[in-house]
Amino acid sequence: MKRRIPFATSKIITTSAIIITSTVASSLFSSAVHSAPSTVIECASPSQVETNNLRMYQIMVESFVDSDKNANYDTGYGTSHHNGDLQGIINSLDYIQSLGVNAIWLTPIFESTPIKGQSHWDDKLDATGYFASDYFKIDPKFGTLEQAKTLVNEAHKRGLYVFFDGVFGHHKSNIKPSPTGLLPTGKDNPVRYPDSLPFYQEVATYWIETLKIDGWRLDQAYQVPTEYWSKLRQAVEHTSQQVQYANDQGEMVHPLGYMVAEIWNNQNYITEHGYGSDANPALCSAFDFPMRYRLVETFAVNENGNGGKGGDWLAQGMDLHDLYPKHARPNLMLGNHDLVRFGDLLQRGFIAQPKDGSYWQRHLAALSFITAYSGPITLYYGDEIGDEVKDFYDKVPNDICAAQGLCDDHVARSGAKIEGITATLSKAQSQLKQQVSKLMTLRRDHPVLSQGQRISVLANKQVYIDHKSYNDESMIFMVSTSDKPQTLSLTSQQLGSSGQLTDWFNEESFVPNNEQYHISLAPFEARFLGIEKPAQLITTKPQVSLSGEGFLAQCDNPTINESGPIDRPLYVVGDFTDSGWTHVANRQFKYKGGNVYQVVVDEQAGSYRMQYATKNWKPQFTASALEIISGKVSDLKYGGYGKDTAALLPESGKYVWSLQFTESGLPDKVMVSMCPSS
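Residues numbered from 1 in each chain as written. Predicted model: local features only at pLDDT ≥ 70, side-chain atom pairs only at ≥ 80, totals over all residues. Heavy atoms only, no water.

With that settled, the discussion passes to the overall build of the chain. Scanning the chain for helices and strands turns up 16 helices and 36 strands. The globule rule puts the C-alpha radius of gyration for 678 residues at 26 Å, and the 26 Å found for the chain is close to it. Expressed along its principal axes, the backbone C-alpha trace of the chain runs to roughly 70 × 65 × 55 Å. Considering the chain as a whole, with its 678 residues, one finds that 58% of them fall into the buried category. When the accessible surface of the chain is totalled, it reaches about 26700 Å², and 49% of it is carbon and sulfur. (Helix = DSSP H or I, 4+ residues; strand = E, 2+ residues; numbered from the N terminus. Rg over C-alpha atoms; globule rule 2.2 N^0.38 Å. Buried < 20%, exposed > 50% of the residue type's maximum accessible area, 1.4 Å probe, protein only. Areas by Shrake-Rupley, 256 points an atom, 1.4 Å probe, with all protein chains shown as cover.)

Here is the structure:
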């Protein structure tokens, strides 16, 4: 039997000093101790080292580069030319290689045959590739099979892995059989498993055998039950070991066999629908959407305009990785084809424009954080030059945004600005590109960045600092989350260093004075400090209380047979594992008197986003700061779309959710508090 070690045996986590002489993680969540039966398909190929070393570059094919007059869609979602093709990617390989990345991911390039009489919206959808009709043919509107072969071969010659986009849960209604006559079964979206498994196994292995691709990005991975992901993964790994190609060193190697899932949700949902359990691993890697949102909320704003977070917000997100099973390898990105570009989010938050130095420094800060992330990482084309969609930043109404190419979920599909091919970069763009190339080279040359064990040194509103170690290399990563300069005074014991610290990025050095380092940080500056002389590292865990005080924290208040100031039932509604943004009976508030409503719920440890709402969402309420901490009272206000409350529940158990209103029914206070153990 496997179980997660409890976070704490009591509801008060006391302050303690932890002396670390070897690499031990320090976080809000406990690690898990597990064993697995011999029949389990382990996440062994590719290895964790190979996976973590990935520096991927995502390409939206139809919007990237137009270099083939015979391959055009002439329509699509977003603001690009909609004529991107395989030849455009081939022509851009030298540019991509110069960034220091080592892999490319292409959005789907399989044929999407129009259905007679389909609407222009379906024509646009065909250009994305995400509803294919022939999984075994290259879409002629992207290019030819020969061009696809050339692309893969030329990428391999440059030391670049190539990943295709696997849509293994849905397809067009005019789907064509595989070479062996197989078809998926059930509905078009989603398909039925296990009946469809043989068809998608053939798809997944065919392109490894035919083009020697290195694996798959997995679209809407939640559509495939985890038990069949393990079988698809086994097919990919097995086939990869039967194929070889010459890499950039002239060595014969096997395709990597990497698979990474797209699942937009919190850590618990990603585990349930992607990773599976320690006892039964499904997929081994998934995009780190939860951490991506924390990243943009710290250095810009999210798509709903919410931001203003600090280093403590980043550290909390990194600690949440302990909720994943031990085989999980999250992949962090700043954006993708379904998200708003970081540059546009800076403008949406009225933070910075491209003419401002802060626009570029915040880009560099976010990309530096990604560089220091232990695990695989992905850049979306344009990230490296701080790209934006000019004159777009605000939300465009849903009824017109699609026609204009300005909906949040496709606006980033803008034409690629490739230096020397499609664009001449500005001075600021060129400088950021050079800095990104330097960051990726640092990550390549210092494995501690991609592989290192993280220990949180300091995290508050103004700064984020980690100690990282791997094999015989140790370093300190720090990044300012403040718009003001600061000087940090840190002891040798805090940093685990007794000698010189050297910044790998700008070669500046710091030496201790009486075992005290004084390190300056400009606004949003990052430092990669190599430790010359490792020393004993001492960290402290702050006192944390999960239970509050007073009436709002009591879990046994009797229900009062009165209506109270709110005339319709309220619910805790959010991305909880047991409800998924639906109103369920066990999350309905009951009136406790004194204008207070409460509900006690068995909760799974995790980070959640929610609101408090009636079934028709009128009214709905949220915390004023859009964040609540277990055991602490916060102000309550009216909510609305995109104004979700974030709540961290570090330990599984019973929690009481409490809402307090004024006599006239205006929102007043909110609390979540852990109940005493029975």
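Our next topic: the state of the cysteines. Any covalent bond linking the sulfur atoms of two cysteines counts as a disulfide. Going through the model one piece at a time under the given rule, you end up with three disulfides. Each sulfur of the disulfide joining Cys401 and Cys407 lies 1.9 Å from the other. Taking the sign of the S-S torsion, 85 degrees for the link of Cys401 and Cys407, the bridge is right-handed. Summarising the burial analysis for this pair, Cys401 and Cys407 share the class buried. Shown here is the disulfide that connects Cys555 with Cys675, its sulfur atoms set 2.1 Å apart. Taking the sign of the torsion about the S-S bond as the criterion, the disulfide between Cys555 and Cys675, at about -100 degrees, is left-handed. Of this pair, Cys555 sits in the loop between β26 (544-545) and β27 (571-574) while Cys675 sits in the segment after β36 (667-674), placing them 120 residues apart in sequence. Among the residues examined, Cys555 registers a relative accessible area of 26% and is labelled partly exposed. Once the disulfide-bonded cysteines of the chain are ranked by sequence position, their pairing pattern turns out to be 1-2, 3-4, 5-6. (Disulfide = S-S within 2.5 Å.)

So, about the packing of aromatic side chains. Pairs of aromatic rings are described using the distance from one ring centre to the other and the angle between the two planes. For the structure on display, the rule yields 42 aromatic pairs. Summarising the aromatic geometry, the rings of Tyr135 and Phe199 are spaced 5.7 Å apart at their centres and angled 90 degrees between planes, so their arrangement reads as edge-to-face. One end of the pair, Tyr135, is in strand β8 (residues 134-138); the other, Phe199, is in helix α6 (residues 197-211), with 64 residues separating them in the sequence. The interplanar angle of 85 degrees and the centroid separation of 5.9 Å between the aromatic rings of Phe136 and Phe199 together place this pair among those described as edge-to-face. Pair noted here: Phe136 is in strand β8 and Phe199 is in helix α6, with a separation of 63 residues, a long-range link. Residue Phe136 shares its accessibility class with Phe199, and that shared class is buried. In this arrangement the basic side chain of Arg341 is found over the ring face of Tyr381, its NZ or CZ atom lying 5.1 Å from the centre. One residue, Arg587, lies across the ring of Phe576, its end atom 3.7 Å from the ring centre. (Phe/Tyr/Trp six-rings, centres within 6.5 Å; stacked < 30°, edge-to-face > 60°. Lys NZ or Arg CZ within 6 Å of the ring centre and 35° of its normal.)

Per the counting criterion, the structure on display carries 33 salt bridges. Close ionic contact of Asp319 with Arg454 constitutes a salt bridge, the shortest N to O distance being 3.2 Å. Taken together, the residues span a long stretch of sequence, with Asp319 in helix α10 (residues 311-319) and Arg454 in strand β17 (residues 453-459) at a distance of 135 residues. Residue Arg348 is joined to Asp408 by a salt bridge in which the shortest nitrogen-to-oxygen separation is 2.9 Å. In this pair, Arg348 is assigned in helix α11 (residues 342-348) and Asp408 in the loop between α13 (398-404) and α14 (427-445), connecting sequence segments 60 residues apart. Where salt bridges share partners, they join Asp94, Glu154, Lys157 and Arg158 into one cluster. (Salt bridge = Lys/Arg side-chain N within 4 Å of Asp/Glu carboxyl O.)

Within the secondary structure layout, Leu332 lies in strand β15 (residues 329-333). Residue class for Leu332 comes out buried when judged on its relative accessible area of 0%. Along the backbone, Leu332 and Tyr571 are 239 residues apart, and their C-alpha atoms lie at a distance of 33 Å. Among all residues touching Leu332, those that are not within four sequence positions of it are Asp288, Met291, Arg292, Phe369, Ile370, Tyr373, Pro376, Ile377 and Thr378. (Contact = heavy atoms within 4.5 Å.)

Parsing the chain into structural domains produces domain 1 (48-445), domain 2 (451-531) and domain 3 (551-674). Each of domain 1 and domain 3 was reduced to a C-alpha centroid, and the two centroids are 37 Å apart. Of the residues lining the interface, 16 residues belong to domain 1; the matching set on domain 3 comes to 16 residues. Between domain 1 and domain 3, roughly 1200 Å² of surface is buried when both sides are summed, and carbon and sulfur atoms account for 41% of that area. In terms of surface lost to domain 3, no three residues of domain 1 exceed Asn266, Asn268 and Asn306, which account for 34% of the buried area on that side. In this assembly, domain 1 and domain 3 are joined by two salt bridges. Across the pair Glu297 and Arg609 runs a salt bridge whose closest N-O atoms are separated by 3.0 Å. Seen at the junction of domain 1 and domain 3, the total is nine residue pairs in polar contact (both at pLDDT 80 or more). (Domains from an automatic or database assignment. Buried area = accessible area lost by both parts, 1.4 Å probe. Polar contact = N/O pair within 3.5 Å; in protein donor to acceptor, adjacent residues only side chain to side chain.)

Further remarks concern the pairing of strand β18 (residues 463-470). Across a regular strand the side chains alternate sides, sitting on one face of the sheet and then on the other. The buried fraction of β18 is high, at seven of eight residues. Judged from the six bridges that link them, β17 and β18 form a sheet pairing that is antiparallel. The residue bridging Ser456 from the neighbouring strand is Asp466, located in β18. Linking β17 to β18, which pair antiparallel, is a turn of three residues. The pairing of β18 with strand β19 (residues 473-480) spans eight bridges and is antiparallel. Among the inter-strand pairings, Ser469 is bridged to a residue of β19, identified as Ser474. Counting the residues in the hairpin turn of β18 and β19 gives two residues, including Asn471, whose phi is positive at 50 degrees. (Pairing = 2+ DSSP bridges.)

We now examine the environment of Ser196. Tracing the backbone shows Ser196 in the loop between β9 (161-166) and α6. A sequence separation of 90 residues divides Ser196 from Ala286, and the C-alpha atoms of the two residues are 22 Å apart. Among residues more than four places away in sequence, those in contact with Ser196 are Pro184, Thr185 and Val191. Within the local environment of Ser196, its side chain forms a polar contact with the backbone nitrogen of Thr185, the two atoms lying 2.9 Å apart.

On to helix α5 (residues 145-157). End to end, α5 covers 18 Å across 13 residues, agreeing with the expected 18 Å (1.5 Å per residue, within 8%). If you check which residues of α5 are buried, you get Gln147, Ala148, Leu151, Val152, Ala155 and His156. (Expected span 1.5 Å × (residues − 1).)

The next point concerns the nonpolar core. Core analysis: the largest hydrophobic core is formed by 139 residues, its most contacted members being Tyr57, Ile104, Phe168, Trp216 and Phe528. Phe576, Val601, Phe621 and Trp657 belong to the second-largest nonpolar core, a separate cluster that totals 26 residues. (Core = buried A, V, L, I, M, F, W, Y, C linked by side-chain atoms within 4.5 Å.)

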